[in-house]
Amino acid sequence: MARIVQLLKAKEPVELTDQVLAPVNDGEVLVRIEACALGQLDWNLLTLDAPPRLPLTPGHEAVGVIQAVGRHTRLRPGERVFVTPLSSCCQVCAWCRSGEWRRCADAKWRGMHGDGALGTHVVTHENGLVPLEIPVGMPDLPEPLPLPLAASLALVGGSLWTAVGAVRSLHLVQSSRVAVFGVGGVGHLVVQVARALGHKVFADDADPERVNLAQELGAAPLEGNVDAAVVCTPSTQALQRAVRMLVPGGRLALTGSSPTGRIDLSVAELVWRGLTITGGLLGARGDLDEGLSLLLSGRVKATVELISLDDVPARLWALRDLGFPGRLVALPR
Ligand SMILES: [Zn+2]
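A few points on the structure. (Residues numbered from 1 in each chain as written. Predicted model: local features only at pLDDT ≥ 70, side-chain atom pairs only at ≥ 80, totals over all residues. Heavy atoms only, no water.)

### A closer look at the packing of helix α4 (residues 156-169) against helix α5 (residues 187-196)
For any two helices packed against each other, the geometry is given by the interaxial angle and the distance between the axes. α5 packs onto α4 with a crossing angle of 50° between their chain directions and a minimal axis gap of 9 Å. One element, α4, and the other, α5, form an angle in the oblique class. Two packed elements cross with a definite hand, and for α4 against α5 that hand is right-handed. Contact residues: S159, L160, A163, V164 and V167 in α4; L189, V190, V193 and A194 in α5. When its residues are assigned to classes, the contact of α4 with α5 shows 8 nonpolar, 1 polar and no charged. (Axes fitted to C-alpha atoms, helices over the stretch in contact; angles between N-to-C directions. Helix = DSSP H or I, 4+ residues; strand = E, 2+ residues; numbered from the N terminus. Parallel < 35°, antiparallel > 145°, perpendicular 65-115°, else oblique. Left-handed = near helix turned anticlockwise from the far one by under 90°. Contact = heavy atoms within 4.5 Å. Nonpolar A, V, L, I, M, F, W, Y, C, P; charged D, E, K, R; others polar.)

Below, the structure written as structure tokens:
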């Protein structure tokens, strides 16, 4: 049996349900979840007027151990894996072969096209899983995995992957000035990744608690112009400020997937100022490895609040307010 968080009806609260485990088909694996993070992406999905599927299980970034495999799988029972926001991709197109699975035309996203990981177990295609491989020279993980470490690792295949991908997409020279707007689940990691890569980081958020977190993590208050900005909030106001702060030739990376955020920028301004705007969730395959190395070496620390699976239905509503610093992480144990 598995305990799974499900949205059974649109606009209703989620419920914790007991389910018989689904059969593991060809190419699929059964993962026992050790920790699963909850974020804005989950909230957006759960509050749609017409959810893409019902029942819907949220949870797009998690860590767990494979318990069973179907036929024709490369993953094996006992392997620890990151459950990423991708629930599958084709694996054969040029994007997939270069490790840029997120750009695959056949990419399917967890929660929208396949079950999320918010529960004790998930049955999922192995294409959306990444084995946790300890970087060369680093010690093996303690077993059983301590809960705070499990919670931090849950972010590697989602928020931290996105944070590294966003900073790397800016192609910055050493000691650049980087502004981070929105210091939530992804933003607080962007602050640390950019600092770890040798940049001077400035940060802002509408929430004073998050501003404090950014400063504790080494970011300065926004000041002057910047070479690049990473916007991790749906706020149109933040987007406009980011554009205004950029130097000529400045670069802007966007990680929020809000349908309401807008950038008001004429083509003439874009051309004459020579700006570059990139958007994307996740990163290239190597960006995930880099995120794991940064986390295990202690150069990046995830701010997480641990909750039990039973607390999820009540605590999910906290996501609506956007005010929580860091990430909520549910632990099935
Ligand atoms: Zn592909």
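Back to the text.
### Considering the coordination of the zinc ion
Bound to the zinc ion on the protein side are C90 (SG), C93 (SG), C96 (SG) and C104 (SG), at distances that span 2.3 Å. If you look at the zinc ion, its 4 donor atoms make angles of 104 to 118° with each other, and the shape they trace is tetrahedral. In the primary sequence, the donor residues of the zinc ion line up as C-x2-C-x2-C-x7-C. In this pair, C93 is assigned in the loop between β6 (86-88) and α2 (94-97) and C104 in the loop between α2 and β7 (108-109), connecting sequence segments 11 residues apart. Look at C104 and you get buried, because its relative accessible area is 6%. (Donors = N, O, S within 2.8 Å, 3.2 Å for Na, K, Ca; no water. Tetrahedral: all angles 85-135°; square planar, octahedral: opposite > 155°, others 65-115°. Buried < 20%, exposed > 50% of the residue type's maximum accessible area, 1.4 Å probe, protein only.)

### A closer look at the pattern of salt bridges
Per the stated rule, a full pass over the model turns up 17 salt bridges. The partner of D289 in a salt bridge is R285, with the nearest N and O atoms 2.6 Å apart. One end of the pair, D289, and the other, R285, are both in helix α9 (residues 285-296), 4 residues apart, so they sit about a helical turn from each other. (Salt bridge = Lys/Arg side-chain N within 4 Å of Asp/Glu carboxyl O.)

### Some details on the layout of surface pockets
Size it by volume and the second largest pocket reaches roughly 420 Å³. What lines the second largest pocket is a set of 26 residues, and nearest its centre among them are A22, D115, V122, V123 and T124. Taken together, the elements giving at least two residues each to the lining of the second largest pocket come down to β1 (2-6), β6 and β8 (121-125). With 5 residues, the single largest contributor to the lining of the second largest pocket is β8. (1 Å grid on protein atoms, 1.4 Å probe; cavity = no way out; pocket = protein on both sides within 12 Å on 5 of 7 lines; lining within 4 Å. Points joined across faces, edges and corners; volume = space filled by probe spheres on them.)

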